[in-house]
Amino acid sequence: MHATAEETVQARLILSAHRSVRLRVTLAYLPEDPLAVRMAFPAEFSLDDPGDGCPESDDIVWVFARRLLSAGLEVPSGIGDVHVRPALGRRTMVELRAPEGTALVQFDTADLRRFLWRSRLLVPEGEEHLHLDADRALAQLLG
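All values reported here derive from a predicted model rather than from experimental measurement.

(A) Structural view of the pattern of salt bridges. The final tally for this structure, using the stated rule, is 10 salt bridges. Its salt-bridge partner being Arg113, residue Glu74 comes within 2.8 Å of it at the nearest N-O pair. Of the two residues, Glu74 is situated in the loop between α1 (66-72) and β5 (82-87) and Arg113 in helix α2 (residues 109-122); the sequence distance between them amounts to 39 residues. Between Glu95 and Arg97 there is a salt bridge, with the nearest N and O atoms lying 2.7 Å from each other. By relative accessible area, Glu95 is classed as buried at 15%. A network of salt bridges, in which partner residues are shared, links Glu7, Asp111, Arg114 and Arg118.

(B) The arrangement of the environment of Arg97 in detail. Secondary-structure assignment places Arg97 in strand β6 (residues 91-98). A residue is classified by how much of its surface remains accessible, and Arg97, at 34% relative accessible area, is partly exposed. The spacing of Arg97 and Val82 is 15 residues in sequence and 6.4 Å in space, taken between C-alpha atoms. Those residues in contact with Arg97 that lie beyond four places of it in its chain are Trp62, Gly80, Asp81, His83 and Thr102. There is a polar contact of 2.7 Å between the side chain of Arg97 and the side chain of Glu95.

(C) Representation of the confidence of the model for the protein chain within the structure. This prediction gives the protein chain a mean pLDDT of 86; 79% of its residues lie at or above 70. β5 holds the highest mean pLDDT among the elements of the protein chain, 98, whereas helix α3 (residues 134-142) holds the lowest, 63.

Basis of the calculations
- Residues numbered from 1 in each chain as written.
- Predicted model: local features only at pLDDT ≥ 70, side-chain atom pairs only at ≥ 80, totals over all residues.
- Heavy atoms only, no water.
- Salt bridge = Lys/Arg side-chain N within 4 Å of Asp/Glu carboxyl O.
- Helix = DSSP H or I, 4+ residues; strand = E, 2+ residues; numbered from the N terminus.
- Buried < 20%, exposed > 50% of the residue type's maximum accessible area, 1.4 Å probe, protein only.
- Contact = heavy atoms within 4.5 Å.
- Polar contact = N/O pair within 3.5 Å; in protein donor to acceptor, adjacent residues only side chain to side chain.
- pLDDT = per-residue confidence, 0-100.

Structure, rendered in structure tokens:
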């Protein structure tokens, strides 16, 4: 069994300049996928049509670079679908872009730093290549 870093934190989904809702987000880091972090959001916050065949209880999981999350705590970072930037009051904003829309989620920076610290205990930054399994990755890619 492989060790993982997993932590459930409270965040805020920003709905407008004056409205937000609290939600739980599960952060996960798997050493067998050493370059990535995962953020799992409750299914009720999905923009997808509930009739799309997906079970309603499945979380929405975003997977992106651990380095992006780390850099975004200090300076605005990201291109493409995921952007991370520091915000006022020891907060960090994560912007997730999909064809269905854009979600802006606010985290306590301390929660993200703690999670990243735990992930680095498993795989230190700069040593990710020692944990890559090219054969397994290729097999997954080819189905």
